[in-house]
Amino acid sequence: MVSKNRQRNRFNAALILLLAMTRTVGSDAGALPKPRMFNNNNNKEAQASVPQSCIANMKTPSGQCLIPRGGASASAAAAATATSVTSPAEVVESLRLVGLTTALISIRNTLSSSLSTFWSNAERTKFLLAGAVAGIVSRTCVSPLEVVATAQMVRGGNKNMVSELTELFHSEGIKGFFKGNGANCLKVAPTRGVQFFAFETFKKKLVSWKKASLNLPEDAEMSLSPIERLVAGGFAGMIASSMVYPIEVVKTMLTMYPGKYAGINAAFRGVLNEVGPKGLYAGLAPTLIAMFPYVGVEFMIYETSKIAIETLFQQRAEEAIGKENGSASASANASASAEFALPIIISLGLGAVAGAAAQTSAHPLDVIRKRLQVQGINGNPVLYKTTFDCFAGVAKKEGMGALYKGLGPACVATIPGTGIAYITYEFMKRFLNISSV
């Protein structure tokens with residue numbers, strides 16, 4: 001009998017200590033009650049004082065409240081009641097539940113803290129996310145024009161854009177405007193994400209290198225020239241295109257032969273079955289050559305123009321603030337007050353100009369890339385072996401004008417598409433609280 005009482009007292013002490021350490025909600029949470037023997041009268045009083053509401057609805061197998069609301073004193077009373085009516089095995093099971101719950105809460109808090117710390121310092125990841133979102137939004141908005149441009153580059157012909165869109169609508173309906181858009185978004189999300197990420201990374205490396213070469217401190221102001229931005233953008237475009245090029249091939253197959261492949265996976269397997277793994281990289285060489293001027297010119301024109309316009313408007317705002325206040329101190333602090341945010345319409349216009357210039361500079365290589373991608377697939381003959389062979393063959397057979405087939409629809413798609421991409425990118429930068437060099 002004595003040994004049983006001692007064993008029960010040990011369980012009482014262990015449970016009370018554990019409940020006190022959990023510091024449950026209440027005015028006297030954390031107060032550690034003294035372990036003591038409970039007689040029947042005390043048990044009755046404890047039962048009357050135990051609240052009916054349990055934290056996390058946790059109860060013992062016999063239905064007793066494990067961690068009641070009301071603080072450590074209520075927990076102690078509940079423990080007294082529980083231990084008077086439960087067996088040692090039930091108390092052990094209750095302790096296991098408490099330990100499991102405490103462990104889960106600890107894991108949750110650790111993961112939440114780690115994720116919060118990672119996200120607050122993940123500037124590069126935020127650039128990657130901002131670029132991916134910008135690419136998806138822009139390409140989905142201009143998908144009908146993208147479909148027409150791809151068809152004209154591959155098939156040729158003299159139909160205008162309106163005729164192409166009308167014929168496409170009559171033959172395939174609304175869904176025809178978005179055929180291949182899933183593969184396109186699957187391609188453009190990582191492409192744009194990596195482009196912006198690599199571009200921002202290259203710019204920071206260039207700035208650091210220039211500061212080091214001039215023996216300037218890390219916090220010194222340093223800007224990049226247009227040519228440096230072009231080089232950074234060009235290499236960013238080449239890296240991004242080489243990473244996702246197989247998806248570009250699949251997107252072309254879905255656009256040109258929508259009835260042949262049921263989806264992205266089917267198109268991927270079809271290319272492998274018909275021409276082998278090399279088919280997934282057909283036209284890669286002209287793509288990499290084209291991406292350097294394409295992405296480089298786009299980034300250079302947009303960022304150089306954007307910085308020039310922001311500087312001009314900010315200077316005017318500073319002068320206006322200085323004149324209005326009419327004091328030297330106000331004029332000196334005008335730059336801190338005159339922060340200029342580029343309006344959406346200007347950002348859209350700059351993106352459109354940059355996109356049109358980039359598309360025009362790289363369009364002939366874009367045509368060559370499309371021609372090489374469809375060779376040997378769906379009965380198309382293999383006419384050209386290399387990029388230069390294709391370039392010379394198309395120019396000789398169809399004339400130099402064939403190298404600019406689809407430029408109109410491509411520019412019409414690129415102008416709003418690039419503008420929308422930069423608007424989305426600028427919005428995402430403000431939303432994620434990041435800034436460019």
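Residues numbered from 1 in each chain as written. Predicted model: local features only at pLDDT ≥ 70, side-chain atom pairs only at ≥ 80, totals over all residues. Heavy atoms only, no water.

Trainee: In this structure, what is going on with the layout of surface pockets? I would like to understand it.
Mentor: Vacant regions in the atomic arrangement are exposed by a probe of water-molecule size rolled over the atoms. Of the pockets and cavities examined, the largest pocket occupies roughly 1000 Å³. Together, 36 residues line the largest pocket, and Lys306, Ile307, Glu310, Ser436 and Val437 are the ones closest to its centre. Looking at the lining of the largest pocket, the elements that each hand over two or more residues are α8 (181-213), α9 (226-256), α11 (284-325), α14 (344-373) and α16 (407-432). Top element by residues in the lining of the largest pocket is α11. It accounts for seven residues. Of the residues contributing to the lining of the largest pocket, the split by class is 16 nonpolar, nine polar and 11 charged. Empty space within the second largest pocket amounts to approximately 310 Å³. Around the second largest pocket sit 18 residues that line it, and Ala282, Gly283, Leu372, Gln375 and Lys385 are the ones nearest its centre. Sorting the residues of the lining of the second largest pocket by element identifies α11 and α14 as the ones contributing at least two each. Broken down by element, the residue count for the lining of the second largest pocket peaks at three residues, all from α11. Of the residues contributing to the lining of the second largest pocket, the split by class is nine nonpolar, seven polar and two charged. (1 Å grid on protein atoms, 1.4 Å probe; cavity = no way out; pocket = protein on both sides within 12 Å on 5 of 7 lines; lining within 4 Å. Points joined across faces, edges and corners; volume = space filled by probe spheres on them. Helix = DSSP H or I, 4+ residues; strand = E, 2+ residues; numbered from the N terminus. Nonpolar A, V, L, I, M, F, W, Y, C, P; charged D, E, K, R; others polar.)

Trainee: Quick question: what am I supposed to make of the pattern of salt bridges here?
Mentor: Opposite charge on two side chains allows them to pair when their charged atoms are near. For the coordinates displayed, the defined rule picks out 13 salt bridges. Two residues, Lys260 and Glu274, come together in a salt bridge whose shortest N-O distance is 2.7 Å. Pair noted here: Lys260 is in the loop between α9 and α10 (264-275) and Glu274 is in helix α10, with a separation of 14 residues, a long-range link. Note on Lys260: relative accessible area 38%, which makes it partly exposed. One network of salt bridges, in which partners are shared, links Glu200, Lys203, Arg229 and Glu303. (Salt bridge = Lys/Arg side-chain N within 4 Å of Asp/Glu carboxyl O. Buried < 20%, exposed > 50% of the residue type's maximum accessible area, 1.4 Å probe, protein only.)

Trainee: Even after reading the chapter, I still don't get empty space enclosed by the protein, so can you show me in this structure?
Mentor: This model, assessed by the stated rule, comprises four cavities of 30 Å³ or more. Of the volumes computed, that of the largest cavity is approximately 610 Å³. If you go around the largest cavity, you meet 36 residues; those closest to its centre are Arg139, Lys187, Met291, Tyr294 and Arg369. Of all elements in the fold, only α5 (123-141), α6 (143-155), α8, α9, α11, α14 and α16 reach the threshold of two or more residues within the lining of the largest cavity. A per-element tally of the lining of the largest cavity places α11 first, with seven residues. The class makeup of the residues in the lining of the largest cavity is 16 nonpolar, 10 polar and 10 charged.

In short, the description is geometric, and any link to function would need to be established separately.
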